[in-house]
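Fold and contact review
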Amino acid sequence: MSLNSKKSRDAAGFTLDTVGTNPENWLRNAEQFHSAAKLLCSDNSDSTPLPYYYSAGLSIELLLKAIAVKRGSTPKKTHNLNRLCDACAIQIENDQKLTLELLTEIIIWQGKYPVPMDDSAWDNYYDSIHEKHIQRSREGNTFITRANPKTFPTLQN
């Protein structure tokens, strides 16, 4: 008598429902992406690589979904980190909301593609979302452009 793969998984309790409703599984994945982000950010270069932001964003997404599962909810099928915070009733500062907004965009398209799939998403990212994280100043004839240290995703914030 032989069991097929699905019956074997069912008998062992390794099913979509049991794995998906266990917050430890979500947390384990969140920790793995967090570890990857830390590793990617520690290369001592002047610029932070895009895979860092993608991994950092995914680690936060998975952590928020672990919290939802732990509280008995089904995780929302979204990458929007601010919506996930709201769904988990997690209060965050305005600077943190901006950081999560940027990471959401990176998760949705920038971590996988060089451009979004349409012009309006491109314009929204560069004219609205990305612009919120840029600080510009002028000192005499010198113009300075830099990332806002309070909202741009770093290991510290």
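All values reported here derive from a predicted model rather than from experimental measurement.

This paragraph deals with the pairing of strand β1 (residues 134-139). Pairing of β1 with strand β2 (residues 142-147) involves 6 bridges; the strand directions are antiparallel. Paired with R138 across the strands is F143, a residue of β2. Between β1 and β2, which pair antiparallel in sequence order, lie 2 residues; one of them, G140, sits at a positive phi of approximately 65°.

We now examine the pattern of salt bridges. A full pass over the atoms with the stated rule returns 4 salt bridges. K6 serves as the salt-bridge partner of D10, at 3.7 Å between the closest nitrogen and oxygen. Pair noted here: D10 and K6 are both in helix α1 (residues 5-12), with a separation of 4 residues, about one helical turn. Residue E101 is joined to K132 by a salt bridge in which the shortest nitrogen-to-oxygen separation is 3.0 Å. With E101 in helix α6 (residues 94-110) and K132 in the loop between α7 (119-129) and β1, this pair connects stretches of sequence that are 31 residues apart. When its relative accessible area of 22% is taken as the criterion, E101 is described as partly exposed.

On the surface, D118, D119, D123 and D127 cluster together into a negatively charged patch. Here D119 lies in helix α7. Judged by relative accessible area, which is 64%, D119 ranks as exposed.

For the largest pocket, the calculated volume is near 480 Å³. Along the wall of the largest pocket there are 22 residues; nearest its centre are I60, T99, L100, L103 and N157. Of all elements in the fold, only α3 (23-41), α4 (50-70) and α6 reach the threshold of two or more residues within the lining of the largest pocket. Per element, the largest residue contribution to the lining of the largest pocket is 7 residues, and it comes from α4. When the residues that make up the lining of the largest pocket are grouped by side-chain class, the tally is 14 nonpolar, 6 polar and 2 charged.

Moving on, we come to the nonpolar core. If you look at the biggest cluster of nonpolar residues, it comprises 18 residues, and the most contacted ones within it are Y53, L81, L102 and L103. Secondary-structure elements contributing two or more residues to this core are α4, α5 (81-87), α6 and α7. For this core, the leading source of residues is α6, giving 6 residues.

On the surface, a cluster of nonpolar side chains totalling about 250 Å² of accessible area is made up of V115, W122 and Y126. Its place among the elements puts V115 in the loop between α6 and α7.

Running from N to C, α3 and α4 point in directions that differ by 160°, and their axes come no closer than 8 Å. Our classification of the angle between α3 and α4 gives roughly antiparallel. At the point where α3 passes α4, the crossing takes the left-handed sense. Taking contact as the criterion, the partners of P23, W26, L27, N29, A30, F33, H34, A36, A37, L40 and C41 in α3 are, on α4, P51, Y52, S55, A56, L58, S59, L62, L63, K65, A66, V69 and K70. Classifying every residue of the contact of α3 with α4 gives 17 nonpolar, 4 polar and 2 charged.

Definitions and limits used
- Residues numbered from 1 in each chain as written.
- Predicted model: local features only at pLDDT ≥ 70, side-chain atom pairs only at ≥ 80, totals over all residues.
- Heavy atoms only, no water.
- Pairing = 2+ DSSP bridges.
- Helix = DSSP H or I, 4+ residues; strand = E, 2+ residues; numbered from the N terminus.
- Salt bridge = Lys/Arg side-chain N within 4 Å of Asp/Glu carboxyl O.
- Buried < 20%, exposed > 50% of the residue type's maximum accessible area, 1.4 Å probe, protein only.
- Patch = residues over 30% accessible without salt bridge, like charges linked within 9 Å, V, L, I, M, F, W, Y side chains within 5 Å.
- Areas by Shrake-Rupley, 256 points an atom, 1.4 Å probe, with all protein chains shown as cover.
- Lys, Arg positive; Asp, Glu negative; His and termini not counted.
- Charge placed at Lys NZ, Arg CZ, Asp CG, Glu CD.
- 1 Å grid on protein atoms, 1.4 Å probe; cavity = no way out; pocket = protein on both sides within 12 Å on 5 of 7 lines; lining within 4 Å.
- Points joined across faces, edges and corners; volume = space filled by probe spheres on them.
- Nonpolar A, V, L, I, M, F, W, Y, C, P; charged D, E, K, R; others polar.
- Core = buried A, V, L, I, M, F, W, Y, C linked by side-chain atoms within 4.5 Å.
- Axes fitted to C-alpha atoms, helices over the stretch in contact; angles between N-to-C directions.
- Parallel < 35°, antiparallel > 145°, perpendicular 65-115°, else oblique.
- Left-handed = near helix turned anticlockwise from the far one by under 90°.
- Contact = heavy atoms within 4.5 Å.

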